[in-house]
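Chain by chain, the residues:
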Amino acid sequence: MTISEILQYCMNKPGAEQSVHSDWKATQIKVADVLFAMVKDVEGRPAASLKTSPELADLLRQQHNDVRPSKHLNKAHWSTVYLDGSIPDSQIYYLVDASYKQAVELLPEMTRQQLSV
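The notes below deal with the structure included here. In this text, all values refer to a predicted model and were calculated from it rather than measured experimentally.

A closer look at the overall build of the chain
Right, so step 1: Counting its regular elements, the chain contains four helices and six strands.
Right, so step 2: Counted from the first residue to the last, the chain has its helices and strands arranged as α-β-β-β-β-α-β-β-α-α.
Right, so step 3: In terms of overall size, the chain behaves like a compact globule, its C-alpha atoms giving a radius of gyration of 13 Å where 117 residues would be expected to give roughly 13 Å.
Right, so step 4: Taken across its 117 residues, the chain has 41% of its residues classed as buried.
Right, so step 5: Taking the contacts inside the chain whose residues are at least 6 apart along the sequence as the reference set, 48% of them involve residues at least 24 apart.
Right, so step 6: Total accessible area computed for the chain in this model is approximately 6,400 Å², and 50% of it derives from carbon and sulfur atoms.
Right, so step 7: The averaged location of the 14 negative side-chain charges in the chain is 5 Å from the averaged location of its 12 positive side-chain charges.

Below, the structure is given as structure tokens:
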């Protein structure tokens, strides 16, 4: 998977907005100002930081060398997933979906209704 492909997938989510985090030189994808993905090259490899439950984060890190705690985000919840590694695209899409869903759940009810998710 490429950075372009994951960005396109993220931006197809209702209410998704893209910006650049200048300090981290990363593309942030948010829904109503709540971050659900951060995409950039890490160690010369395409990668995305995605939010999961701490339990899933631990499990993924144990099972895959291509999943690591995110450097600049809460390491209990955020994992950096290398896009060019051993993780199938379908699993990366699932993780994007789960991260987006967690972000939406943090939004006020009125905002969630407007997104019609």
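Describing the nonpolar core
Right, so step 1: Counting residues in each nonpolar core, the largest one holds 26 residues, and the members touching the most others are Ile 6, Ile 29, Val 31 and Phe 36.
Right, so step 2: Looking at this core, the elements that each hand over two or more residues are helix 1 (3-11), strand 2 (26-31), strand 3 (34-42), strand 4 (45-51) and helix 3 (89-105).
Right, so step 3: The contact partners of Ile 6, leaving out residues within four places of it in the chain, are Met 1, Val 39, Ala 48, Leu 83, Ile 92 and Val 96.
Right, so step 4: Ala 26, Leu 35, Met 38 and Leu 73 belong to the second largest nonpolar core, which has five residues in total.

Observations regarding the pairing of strand 4
Looking along a regular strand, one sees side chains alternate from face to face of the sheet.
Right, so step 1: Here strand 4 lies mainly inside the structure; five of its seven residues are buried.
Right, so step 2: Connecting strand 3 to the antiparallel partner strand 4 that follows it, the hairpin turn spans two residues, and Glu 43 within it adopts a positive phi of roughly 55°.
Right, so step 3: Taken together, the five bridges between strand 4 and strand 6 (residues 78-82) define a ladder with antiparallel strand orientation. Its bridge partner being in strand 6, Leu 50 is matched across the sheet by Ser 79.

With respect to the sheet that holds strand 4
Right, so step 1: Strand order in the open sheet made by the six strands is 1-2-3-4-6-5, with antiparallel pairing throughout. Across the chains shown, the open sheet's two edge strands, defined by having one partner strand only, are strand 1 (16-21) and strand 5 (67-69). Averaged over all adjacent pairs, the angle separating strand axes in this sheet is 25°, with direction ignored.
Right, so step 2: Inspection of the sheet shows strand 5 paired to strand 6 by three bridges, in the antiparallel sense. Of the residues in strand 6, the one forming a bridge with Arg 68 is Thr 80.
Right, so step 3: Strand contacts of helix 2 (residues 54-63): strand 5 and strand 6, with the helix running at about 130° to strand 5, the strand carrying the most contacts.
Right, so step 4: Lying over the sheet, helix 3 contacts strand 2, strand 3, strand 4 and strand 6, oriented at roughly 40° with respect to strand 4.

Notes on the pattern of salt bridges
Right, so step 1: Going through the model one piece at a time under the given rule, you end up with five salt bridges.
Right, so step 2: Two residues, Glu 43 and Arg 68, come together in a salt bridge whose shortest N-O distance is 3.2 Å. One end of the pair, Glu 43, is in the loop between strand 3 and strand 4; the other, Arg 68, is in strand 5, and 25 residues separate them in sequence.
Right, so step 3: The partly exposed category is assigned to Arg 68, whose relative accessible area is 33%.
Right, so step 4: Of the charged contacts in the structure, one is a salt bridge between Glu 109 and Arg 112, with a shortest N-O distance of 2.3 Å. With Glu 109 and Arg 112 both in helix 4 (residues 109-115) and three residues apart, this pair spans about one turn of that helix.

Cut-off values and rules
- Residues numbered from 1 in each chain as written.
- Predicted model: local features only at pLDDT ≥ 70, side-chain atom pairs only at ≥ 80, totals over all residues.
- Heavy atoms only, no water.
- Helix = DSSP H or I, 4+ residues; strand = E, 2+ residues; numbered from the N terminus.
- Rg over C-alpha atoms; globule rule 2.2 N^0.38 Å.
- Buried < 20%, exposed > 50% of the residue type's maximum accessible area, 1.4 Å probe, protein only.
- Contact = heavy atoms within 4.5 Å.
- Areas by Shrake-Rupley, 256 points an atom, 1.4 Å probe, with all protein chains shown as cover.
- Lys, Arg positive; Asp, Glu negative; His and termini not counted.
- Charge placed at Lys NZ, Arg CZ, Asp CG, Glu CD.
- Core = buried A, V, L, I, M, F, W, Y, C linked by side-chain atoms within 4.5 Å.
- Pairing = 2+ DSSP bridges.
- Axes fitted to C-alpha atoms, helices over the stretch in contact; angles between N-to-C directions.
- Salt bridge = Lys/Arg side-chain N within 4 Å of Asp/Glu carboxyl O.

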